[in-house]
Amino acid sequence: MPMTTRAAIQTASGQPLIIDELDLPDPRPDQAVLKLLASGICHSQVHELHDGRTRPTAFGHEATGVVVKAGSAVTRVREGDRAIVTWVRREPLRMGQDDRWCGATYRDSPIPWPHFTWSEHTIVSEQYLVPIAAEEPADLCSIIGCAVLTGAGAVIHTTRVQPGDSVALFGAGGVGLSAVRAAAIRGADPIIAVDLRADKLRLAREFGATHAVNASETDPVEAVVDLSGGGVDYAFDAIGVRQTTETINEVTRPGSMGAGNEGGTAVLIGVPGNEMTLDPRAMLSAHRRYATSFGASNPDRDFPIFLRWYRDGLFPLDRLVTDRYRLEQINEACAALKAGEVMGRAIMEYE
């Protein structure tokens, strides 16, 4: 039977979210309905609150929940199972497939997302679900579906950081700290964290940063180049503002026009603005590379690895979750995130 659920809904771009009821249909054959236990609050949603997407809409793309209904063709989960909700499909869309609409509606208007998690329940294709054991911590697992897969994935998949590689990370929030920790697990050295806040830099050191640069007190380019002996092998931007998207290219080590003498790689992992400027001749002459990454993670392969890291004491998910809210506090949470007041990753809890 169709059902309703409370959710954070935006009826016009830029307007505060309201808590109201969404209508959920019976799941399609490939879908499941989950009672959510916790949801991450990602900075990309701060951008989405002001985008041109169709309204009304709901938000959120990383969570954990319990399956309460499963479609007839669902094979990955059964009713009663726990699962992580992520925005990464297990399989790419085939020609002609369209999963932009999950089927949920608000006052008869369709919600234009394949998933949403700022709600007490969600309806989603099993393509976005990864089952987990009942004993896994639901609150901590909720951030694996975006923050961890993006930051850690960029390190282990996009760049394949190796022992002894030098790394700089701009932005010590949830994604940035995940990248710092993955770099430490991979044996990178040095690992240089850059942020504007001393408290975030202290937390970055706990996650494995060997050096911390407060960009409010010193020139980050000069500091990173000096600490790395001429520039890092890999520089990651987990913020996405124009200044950092350009700066990460400046702190990578230069190569030369000689054969095989390649420079460093800059990697953008934060959601950026619309413009940036790079000097293509300087990049060419120094053999620098610029890449983008949403983590390149495969949920089925990587989520068990991230959970094992946590169980083995290698990845402190409990330290990464630094702020907790209720659904009714969603506007407060978004304001804190936009102001840079969230130390690591904020989550919403539903129980």
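Residues numbered from 1 in each chain as written. Predicted model: local features only at pLDDT ≥ 70, side-chain atom pairs only at ≥ 80, totals over all residues. Heavy atoms only, no water.

On to the sheet that holds strand β14 (residues 234-237), then. In space, the 6 strands of this open sheet follow the order β13-β12-β11-β14-β15-β16, with parallel pairing throughout. The two strands at the open ends of the sheet, each matched to only one other strand, are β13 (211-214) and β16 (289-292). Here the average twist between neighbouring strands, direction ignored, is 20 degrees. Bridging between strand β12 (residues 191-195) and β13 involves 4 bridges; their strand directions are parallel. Looking at the pairing, A193 lines up with A212 of β13. (Pairing = 2+ DSSP bridges. Helix = DSSP H or I, 4+ residues; strand = E, 2+ residues; numbered from the N terminus. Axes fitted to C-alpha atoms, helices over the stretch in contact; angles between N-to-C directions.)

What follows is about unusual backbone geometry. Only a minority of non-glycine residues have a phi that is not negative, and only a minority of peptide bonds are not trans. Of note, the amide linkage connecting R55 to P56 takes the cis form, showing an omega dihedral of 5 degrees. Structurally, P56 is set in the loop between α1 (44-48) and β4 (57-58). Each neighbour pair has its own omega, and for D189 with P190 the value is 0 degrees, a cis peptide bond. Within the secondary structure, P190 sits in the loop between α4 (174-185) and β12.

The next subject is the layout of surface pockets. Of the voids in this model, the largest pocket is the one considered here, and its volume is about 1,100 Å³. In this structure, the largest pocket is lined by 49 residues; those nearest its centre are H43, A238, I239, G240 and G270. Residue assignment for the lining of the largest pocket shows that the elements contributing at least two residues are α1, α3 (144-158), α4, β12, α7 (242-250), α11 (330-338) and β18 (345-349). Here the lining of the largest pocket gets 4 residues from one element, more than from any other, and that element is α7. (1 Å grid on protein atoms, 1.4 Å probe; cavity = no way out; pocket = protein on both sides within 12 Å on 5 of 7 lines; lining within 4 Å. Points joined across faces, edges and corners; volume = space filled by probe spheres on them.)

The next point concerns the nonpolar core. Among the nonpolar cores identified, the biggest contains 46 residues, and V148, F236 and F306 are the most heavily contacted of them. Within the second largest apolar cluster, 30 residues are counted, among which are L17, L36, V124 and I330. (Core = buried A, V, L, I, M, F, W, Y, C linked by side-chain atoms within 4.5 Å. Buried < 20%, exposed > 50% of the residue type's maximum accessible area, 1.4 Å probe, protein only.)

Before going further, it helps to spend a moment on the packing of aromatic side chains. Applying the stated rule across the entire model yields 6 aromatic pairs. Centroid distance F207 to F315: 6.5 Å. Interplanar angle 85 degrees. Geometry classified as edge-to-face. Taken together, the residues F207 in the loop between α5 (198-206) and β13 and F315 in the loop between α9 (299-311) and α10 (317-320) connect sequence positions 108 residues apart. One aromatic cluster in this structure is built from F207, F303, F306, W309 and F315. (Phe/Tyr/Trp six-rings, centres within 6.5 Å; stacked < 30°, edge-to-face > 60°.)

In this section: α7. Buried within α7 we find T244, T245, E246, T247, I248 and N249. On its buried face, α7 is in contact with β11 (167-170), α6 (220-227), β14, β15 (265-268), α8 (280-286) and β16. (Contact = heavy atoms within 4.5 Å.)

Checked against the element boundaries, T11 lands in the loop between β1 (3-10) and β2 (18-24). Exposure remark for T11: the relative accessible area of 43% places this residue in the partly exposed category. The spatial distance from the C-alpha of T11 to the C-alpha of T54 is 9.1 Å, given a sequence separation of 43 residues. Ignoring sequence-local partners within four residues, the contact set of T11 consists of I18, R55, P56 and Y106.

Here we come to a negative patch on the surface. Among the surface-exposed residues, D219, E222, D226 and E250 lie close enough to one another that they form a single negatively charged patch. Tracing the sequence through the fold places E250 in helix α7. (Patch = residues over 30% accessible without salt bridge, like charges linked within 9 Å, V, L, I, M, F, W, Y side chains within 5 Å. Areas by Shrake-Rupley, 256 points an atom, 1.4 Å probe, with all protein chains shown as cover. Salt bridge = Lys/Arg side-chain N within 4 Å of Asp/Glu carboxyl O. Lys, Arg positive; Asp, Glu negative; His and termini not counted. Charge placed at Lys NZ, Arg CZ, Asp CG, Glu CD.)

What is shown is where atoms sit, not what they do.
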